[in-house]
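Report on the structure
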Amino acid sequence: MSQSATPPQSPQPQPEAQAEAQAEAQAEAQQPAPPQPVDGNPYAQQPGAVPPPLAPSAPYAPPAPPKNNIALGLVTAVAAALVAAGIYGVVIGTTKHEIGWAAVGVGFVIGLAAGRLGGRNPALPVVSAVLALGAVYLGQLVGDAMLIADEYGVNFSKVFFDHFSVVQDAWKADSDPLTFVFFAIAAFAAFSGAKKAAL
């Protein structure tokens, strides 16, 4: 005895629903297609169409007030001067030469730090230039102390802290007009860096 299963019957659509679907299809076919724009861009706005209203936008935030925190600028400039002087001294001590671009870097770093964090206070570029002079001088002293310590085989801190007058005498003996050009370059870089970095 074999029984065969008959497939399930899907419900037959009703004649009224079929007639409505056919009427809608015919109505859509009879409507003319919207005209294509002249340039052929189907996404362009059609002539005579009303553009959608603009969404309301949030009001613009007011600009940030200018920074004028001279204390923060000075503290940052002093810290940058000490770090830059140390790096400049190491460069001089390892290369055994004064390098002009390093003096520019010392001045610019000091001016940048003062201007960015101190703002547009007119005293900051002047203070940055003075700090750059001090940083280049200190860096040259560190470099001379490194050279003296290397020459005599003693510790750098012993030379720099215990025999500072010897280091200054060595700096005076080694200084030439180019040394003072580096001072001027660093001061100019610090002054202009502080003016440009002030926001």
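One structure accompanies this document, and this report is about it. (Residues numbered from 1 in each chain as written. Predicted model: local features only at pLDDT ≥ 70, side-chain atom pairs only at ≥ 80, totals over all residues. Heavy atoms only, no water.)

1. Here's the deal with the overall build of the protein
Counting secondary structure elements, the protein contains seven helices and zero strands. Taken from N to C terminus, the helices and strands of the protein fall in the order α-α-α-α-α-α-α. Put simply, the protein has 199 residues, and 29% of those count as buried. Total accessible area on the protein is roughly 13,800 Å²; 65% of this is exposed by carbon and sulfur atoms. (Helix = DSSP H or I, 4+ residues; strand = E, 2+ residues; numbered from the N terminus. Buried < 20%, exposed > 50% of the residue type's maximum accessible area, 1.4 Å probe, protein only. Areas by Shrake-Rupley, 256 points an atom, 1.4 Å probe, with all protein chains shown as cover.)

2. So, the side chain of Asp 144
Topologically, Asp 144 is positioned in helix α4 (residues 123-152). No salt bridge is formed by the buried Asp 144; the nearest opposite charge belongs to Lys 172, separated by 11 Å. Apart from residues no more than four positions distant in its own chain, Asp 144 is found in contact with Val 167, Ala 170, Trp 171 and Asp 174. (Lys, Arg positive; Asp, Glu negative; His and termini not counted. Salt bridge = Lys/Arg side-chain N within 4 Å of Asp/Glu carboxyl O. Contact = heavy atoms within 4.5 Å.)

3. Observations concerning a nonpolar patch on the surface
On the surface, a nonpolar cluster with roughly 260 Å² of combined accessible area is contributed by Val 126, Val 130 and Phe 191. Here Val 126 shows up in helix α4. (Patch = residues over 30% accessible without salt bridge, like charges linked within 9 Å, V, L, I, M, F, W, Y side chains within 5 Å.)

4. Focus: the nonpolar core
By size, the foremost hydrophobic cluster in this structure holds 31 residues, and its most contacted members are Tyr 88, Val 106, Ile 110, Ala 135, Val 136, Val 159 and Val 167. Listing elements by their share of this core, those giving two or more residues are α2 (70-95), α3 (100-118), α4, α5 (156-162), α6 (164-174) and α7 (177-197). Per element, the largest residue contribution to this core is nine residues, and it comes from α4. (Core = buried A, V, L, I, M, F, W, Y, C linked by side-chain atoms within 4.5 Å.)

5. Regarding the packing of aromatic side chains
The tally for this structure, following the rule as stated, stands at seven aromatic pairs. Centre to centre, the rings of Phe 160 and Phe 164 are 5.4 Å apart; their planes meet at 85°, and the pair counts as edge-to-face. Among the residues examined, Phe 160 registers a relative accessible area of 11% and is labelled buried. Each ring, one from Trp 171 and one from Phe 183, has its centre 6.3 Å from the other, and the planes form 80°; the classification is edge-to-face. One end of the pair, Trp 171, is in helix α6; the other, Phe 183, is in helix α7, with 12 residues separating them in the sequence. Relative accessible area serves as the criterion here: at 11%, Trp 171 is assigned to the buried category. Accessibility expressed as a relative area gives 11% for Phe 183, which makes it buried. (Phe/Tyr/Trp six-rings, centres within 6.5 Å; stacked < 30°, edge-to-face > 60°.)

6. Re unusual backbone geometry
In the Ramachandran plot, Lys 96 falls in the positive-phi region, its phi being about 65° despite a non-glycine side chain. Summarising the element assignment, Lys 96 is placed in the loop between α2 and α3. Accessibility expressed as a relative area gives 53% for Lys 96, which makes it exposed.

7. Thoughts on α2
Between its terminal C-alpha atoms α2 stretches 36 Å, which fits the 38 Å expected from 26 residues at 1.5 Å a residue. Contacts from the buried residues of α2 go to α3, α4 and α7. (Expected span 1.5 Å × (residues − 1).)

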